[in-house]
Amino acid sequence: MQKCILIYDDDKEILFLCSLILQKQNYKIETLSECDNIIEDIKIIRPDLILMDLWIPKMGGEEAIKQLRNNSLSKNIPVLLFSANDEIEKISKSSSANGYVQKPFDIHTFKNEIKKWI
């Protein structure tokens, strides 16, 4: 069965680029530009992995991860924070993310990080 990756990012170009890269790796890709209804999104989409922009509007990536970790349906879904923030590694650890992808990213590194968690 095809694995599903849910990408939350408000940058349409990043969503397009990541979708293109990951679809070529035979993943099913779902994209959303905000995460205010993250628990409902998870119930509908049922992702195997989530890529979460740190600075996504309104709620923000850190708060979204807290909601995921506090819900029995989503607490075990791997989440990778996705950001250009210089402290992304530290924020990833403090927010209970499984890992991170630093923007801008190298395509090879990006694909390997996804493969590691899915």
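Summary of the structure given here.

Basis of the calculations
Residues numbered from 1 in each chain as written. Predicted model: local features only at pLDDT ≥ 70, side-chain atom pairs only at ≥ 80, totals over all residues. Heavy atoms only, no water. Helix = DSSP H or I, 4+ residues; strand = E, 2+ residues; numbered from the N terminus. Rg over C-alpha atoms; globule rule 2.2 N^0.38 Å. Buried < 20%, exposed > 50% of the residue type's maximum accessible area, 1.4 Å probe, protein only. Contact = heavy atoms within 4.5 Å. Areas by Shrake-Rupley, 256 points an atom, 1.4 Å probe, with all protein chains shown as cover. Lys, Arg positive; Asp, Glu negative; His and termini not counted. Charge placed at Lys NZ, Arg CZ, Asp CG, Glu CD. Phe/Tyr/Trp six-rings, centres within 6.5 Å; stacked < 30°, edge-to-face > 60°. Pairing = 2+ DSSP bridges. Axes fitted to C-alpha atoms, helices over the stretch in contact; angles between N-to-C directions.

1. Comments concerning the overall build of the protein chain
For the protein chain, the count of helices and strands is five helices and five strands. For the protein chain, the N- to C-terminal ordering of α and β elements is β-α-β-α-β-α-β-α-β-α. The globule rule puts the C-alpha radius of gyration for 118 residues at 13 Å, and the 13 Å found for the protein chain is close to it. Dimensions of the protein chain along its principal axes, counting C-alpha atoms only, are 35 × 30 × 25 Å. When burial is assessed residue by residue, the protein chain has 48% of its 118 residues classed as buried. Across the protein chain, the fraction of contacts at a sequence separation of at least 24, relative to all contacts at a separation of at least 6, is 61%. Of the accessible surface of the protein chain, which amounts to about 6700 Å², a share of 48% is contributed by carbon and sulfur atoms. If the 16 positive side-chain charges of the protein chain are averaged to one point and the 18 negative ones to another, these points end up 7 Å apart.

2. Comments concerning the packing of aromatic side chains
Applying the stated criterion to the full structure yields three aromatic pairs. Look at Phe 105 and Phe 110: their rings are 4.4 Å apart centre to centre, the planes differ by 25 degrees, and that puts the pair in the stacked class. With relative accessibility at 1%, the residue Phe 110 sits in the buried group. One aromatic cluster is present, formed by Phe 82, Phe 105 and Phe 110 through successive ring pairs.

3. A few points about the sheet that holds strand β4 (residues 79–83)
Strands sit in the order β2-β1-β3-β4-β5 across an open sheet of five strands; the sheet is parallel. The two strands at the open ends of the sheet, each matched to only one other strand, are β2 (28–32) and β5 (99–102). Ignoring which end each strand starts from, the neighbouring axes of this sheet average 20 degrees apart. Pairing of β4 with β5, which is carried by four bridges, proceeds in the parallel orientation.

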